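Below, each chain spelled out in residue letters.
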Amino acid sequence: MSEDLTLYHWEPNANSGKPMLTLVEKGVPFASHYIDLLAFDQHKPDYLAINPMGTIPAMVHGGRLMNESTAIMEYVEEAFPGPALMPADARDRWRVRWWMKYFDQWLGPSLSMLGWNVGIGPKVRERDPEELKAAIDRIPLPERRIAWRKAIYGLFSEEELAESTRRILIGIDLVEKTLVQREWLACDSYSLADINAFNSAYFLPISQGEHCNDEKTPRIMRWLRTIYARPAVKTTWAMGRTAMASRIKIFEGEEVEKW
Ligand SMILES: N[C@@H](CCC(=O)N[C@@H](CS)C(=O)NCC(=O)O)C(=O)O
């Protein structure tokens with residue numbers, strides 16, 4: 001397909017990393033446009049003219065805007081040649097979609113809440129209060145405005161944080177048990193489910209090191225290291241610009257910071 005392809009993304013992780021890694025795995029050339037989430041680039045007029053929702057990632061292909069990271073992954077899989085990232089069997093395909101929904105809707109928001117609470121919020125909190133208030137007021141989606149407000153002013157409640165931790169521990173257990181049954185998350189081959197999940201799960205050994213480690217979850221650690229060894233992962237994570245992306249070096253045995 002010869003139409004221009006541009007991906008607007010932040011660091012490789014949930015959600016930007018999902019289409020980034022999918023495109024790289026398939027060998028699809030694309031223009032990479034880095035949007036600095038911590039500088040609120042996603043709410044600036046230039047970007048809102050492309051994606052009025054003010055969220056990342058977004059992809060433009062042949063002049064058409066596409067958002068929603070998992071829907072973009074499926075589009076890339078179907079629209080371009082390259083190694084298949086969806087299995088052929090209908091039940092396996094269902095399982096790929098099941099896992100992507102599980103991460104997107106149930107586990108991902110909890111991982112994100114804890115990340116925003118200890119990472120993103122403290123990173124921007126120190127800035128000028130008036131500037132921050134104006135930045136929050138400019139956010140187009142009300143739900144994103146609430147998330148930013150809670151992260152910046154430390155307003156996630158104890159109950160919300162406890163519920164997120166509960167879900168993450170259930171998620172770690174489910175992924176470990178699944179990887180006892182098979183090598184990959186959804187089927188016998190590396191698929192979109194692994195790409196989707198890796199983007200959130202790669203820092204579980206860092207953020208949940210007590211619960212996710214070689215002794216307690218050897219299958220998760222084996223799975224994460226196997227994915228990390230893929231050349232596409234190295235290429236994708238090299239597009240990151242902050243210390244966040246370099247945390248992936250934990251799989252080379254390096255000491256990395258939590259945030
Ligand atoms: N469901 C959307 C979520 C997109 C989303 O909310 N992305 C976050 C980054 S992970 C974002 O744009 N945050 C910017 C903001 O809230 O200002 C997807 O999967 O693409």
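K.L.:
I'd like to hear about the overall build of the protein chain, residue by residue, with values.
P.N.:
A tally of regular secondary structure across the protein chain gives 12 helices and 4 strands. Taking 259 residues into account, the globule formula puts the C-alpha radius of gyration at 18 Å, and the protein chain, at 18 Å, falls close to it. Its C-alpha atoms give the protein chain principal-axis dimensions of roughly 50 × 50 × 30 Å. Burial status across the protein chain gives 36% buried among its 259 residues. Long-range pairs, those at least 24 residues apart, make up 71% of the contacts in the protein chain between residues at least 6 apart in sequence.

K.L.:
Describe the site of the ligand, naming the residues involved and giving the relevant values.
P.N.:
In the vicinity of the ligand lie 13 residues, with Asn15, Thr55, Ile56, Ser69 and Arg144 positioned nearest. A breakdown of the residues in the shell around the ligand according to their chemical character gives 6 nonpolar, 5 polar and 2 charged. Here the shell around the ligand gathers at least three residues from each of two domains, domain 1 (5-79) and domain 2 (90-252).

K.L.:
Describe helix α1 (residues 17-26), naming the residues involved and giving the relevant values.
P.N.:
The buried count for α1 comes to 9 of 10 residues, which makes it a mostly enclosed element. Taken residue by residue, α1 has Gly17, Lys18, Pro19, Met20, Leu21, Thr22, Leu23, Val24 and Glu25 as its buried positions. The positive-phi residue at the C-terminal boundary of α1 is Gly27, with phi of around 70 degrees.

K.L.:
With reference to specific residues and values, describe the domain arrangement of the protein chain.
P.N.:
Its domain assignment divides the protein chain into domain 1 (5-79) and domain 2 (90-252). On a C-alpha basis, the centres of domain 1 and domain 2 stand 18 Å from each other. Contact with domain 1, which involves 25 residues of that partner, is made by 28 residues of domain 2. At the level of secondary structure, the elements contributing two or more residues to the side of domain 1 that touches domain 2 comprise α1, β2 (31-34) and α3 (69-79).

K.L.:
Please provide a residue-by-residue account of the sheet that holds strand β3 (residues 58-61), values included.
P.N.:
Taken together, the 4 strands give an open sheet; going across it, the order is β2-β1-β3-β4, and neighbouring strands pair in mixed fashion. At either end of the open sheet lies a strand with only one pairing partner, and these are β2 and β4 (64-67). Put simply, the sheet's adjacent strands are angled 20 degrees from each other on average, direction ignored. Note that strand β1 (residues 5-9) and β3 share 4 bridges and pair antiparallel. Residue pairing across strands places Thr6 opposite Val60, the latter belonging to β3.

K.L.:
With reference to specific residues and values, describe helix α6 (residues 142-152).
P.N.:
By the burial criterion, the buried members of α6 are Trp148, Ala151 and Ile152. The buried residues of α6 occupy an angular sector of 90 degrees when projected down its axis, which confines them to one face. Exposed side chains of α6 directed beyond 90 degrees from the buried face belong to Pro142 and Glu143. Downstream of α6 by a residue or two, Gly154 has a phi angle that is positive, lying close to 65 degrees.

K.L.:
Residue-level account of the packing of helix α4 (residues 90-125) against helix α8 (residues 192-201), with values.
P.N.:
Across the interface, α4 lies against α8 with an axial gap of 9 Å and an inter-helix angle of 10 degrees. The angle between the axes of α4 and α8 places the two elements in the roughly parallel class. Every residue of α8 that contacts α4 at Val96, Trp99, Met100, Phe103, Gly108 and Leu111 is listed here: Leu192, Ala193, Asn196, Ala197 and Ser200. Class assignment for the residues of the contact of α4 with α8 results in 8 nonpolar, 3 polar and no charged.

K.L.:
Break down the pairing of β4 for me, with residues and values.
P.N.:
When β3 meets β4, the two strands line up antiparallel, connected through 4 bridges. From the neighbouring strand, Met59 faces β4, where its bridge partner is Met66. Connecting β3 to the antiparallel partner β4 that follows it, the hairpin turn spans 2 residues, and Gly62 within it adopts a positive phi of roughly 55 degrees.

K.L.:
Which residues make up the nonpolar core, and what values go with them?
P.N.:
Core analysis: the largest hydrophobic core is formed by 45 residues, its most contacted members being Trp99 and Ala193. Each of domain 1 (5-79) and domain 2 (90-252) accounts for three or more of the residues forming this core.

Cut-offs used in this document
- Numbering of residues starts from 1 in every chain and runs along the sequence as written.
- Per-residue local features are limited, in this predicted model, to residues with pLDDT of at least 70; the limit for side-chain atom pairs, both in listing and counting, is 80 or more; totals at the level of whole chains, interfaces and linings are taken over all residues.
- Starting at the N terminus, helices and strands are each numbered in turn, a helix being any DSSP run of H or I of at least four residues and a strand any DSSP run of E of at least two.
- When we talk radius of gyration, it's over C-alpha atoms, and the globule rule is simply 2.2 Å times the number of residues to the 0.38.
- Exposure classes come from backbone-placed C-beta atoms, where a residue is buried if 20 or more other C-beta atoms lie within 10 Å of its own, exposed if 12 or fewer do, and partly exposed in between.
- Any two residues are considered in contact once their C-beta atoms, placed from the backbone, lie within 7 Å.
- Each residue gets a C-beta atom placed from its backbone. Should that atom fall within 6 Å of a molecule or strand, the residue is termed near it.
- Each residue gets one label: Ala, Val, Leu, Ile, Met, Phe, Trp, Tyr, Cys and Pro are nonpolar, Asp, Glu, Lys and Arg are charged, and the others, such as Gly, are polar.
- Residue ranges assigned to each domain were obtained from an automatic or database domain assignment.
- Should DSSP find at least two bridges between two strands, the strands are regarded as paired.
- Lines fitted to C-alpha atoms define the axes, with helix axes restricted to the stretch in contact, and inter-axis angles between N-to-C directions lie between 0 and 180 degrees.
- Summarising the geometry, the arc corresponds to the directions from the helix axis toward the C-beta atoms.
- Angles below 35 degrees are treated as roughly parallel, those above 145 as roughly antiparallel, those between 65 and 115 as roughly perpendicular, and all remaining angles as oblique.
- Linking buried Ala, Val, Leu, Ile, Met, Phe, Trp, Tyr and Cys residues through C-beta atoms within 7 Å yields a set, and such a set is a nonpolar core.

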